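# Commentary on secondary and tertiary structure
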Amino acid sequence: MPVPTAHTEQTLTTWITTRVAEYLRRPPTEIDPTTPLAEYGLDSVAALSLCGDVEDHYEVTIDPTAAWDYPTVRALAGHLLAELEGQG
C-alpha cells in the first residue's frame, strides 16, 4: 500500500504553477502565484482542464469553477489543501 504524500501549500503551488505554465506555453518561472490567472490569458477551456488535472492527480473532486472562484495559483493551492485535508 503506498504511503500518502503530505501536501503543503508550497508543493501544491509548485504543481499548479507547472500545470498553468504548460497550458500557457510559458516557463513556470514566469507565473506569479499571486497574479490572477485571467491576467495571463487562461481561458475557460484551460481552467476546466486544470480542474480536471487536479482531480486526476490528487484524486479529489473540486468544483469546475474553482479556477475562477480561487483566481490565483496561491488561492487555488490553499483551496486544494483544505479539500485534501478534509479527505483525511
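Residues numbered from 1 in each chain as written. Predicted model: local features only at pLDDT ≥ 70, side-chain atom pairs only at ≥ 80, totals over all residues. Heavy atoms only, no water.

Time to look at helix α1 (residues 9-24). If you check α1, its first and last C-alpha atoms are 22 Å apart, about what 16 residues at 1.5 Å a residue would give, namely 22 Å. Listed in full, the buried residues belonging to α1 are Leu12, Thr13, Trp15, Ile16, Thr17, Arg19, Val20, Ala21 and Leu24. For α1, the secondary structure elements touched by its buried residues are α2 (44-58) and α4 (73-87). At the C-terminal side of α1, Arg25 shows a positive phi close to 55°. (Helix = DSSP H or I, 4+ residues; strand = E, 2+ residues; numbered from the N terminus. Expected span 1.5 Å × (residues − 1). Buried < 20%, exposed > 50% of the residue type's maximum accessible area, 1.4 Å probe, protein only. Contact = heavy atoms within 4.5 Å.)

Overall, the coordinates contain 3 salt bridges when judged by the stated rule. With its nearest N and O atoms 2.6 Å apart, the salt bridge here joins Asp53 to Arg19. Of this pair, Asp53 sits in helix α2 while Arg19 sits in helix α1; the two residues are 34 residues apart in sequence, bridging distant segments of the chain. For Glu30, the salt bridge goes to Arg26, with nearest N and O atoms at 3.2 Å. (Salt bridge = Lys/Arg side-chain N within 4 Å of Asp/Glu carboxyl O.)

Between α1 and α4, whose axes approach to 9 Å, the crossing angle comes to 125°. Put simply, α1 runs oblique to α4. At the point where α1 passes α4, the crossing takes the right-handed sense. Touching Glu9, Leu12, Thr13, Ile16, Thr17 and Val20 of α1 are Val73, Arg74, Leu76, Ala77, Gly78, Leu80, Leu81 and Leu84, all from α4. (Axes fitted to C-alpha atoms, helices over the stretch in contact; angles between N-to-C directions. Parallel < 35°, antiparallel > 145°, perpendicular 65-115°, else oblique. Left-handed = near helix turned anticlockwise from the far one by under 90°.)

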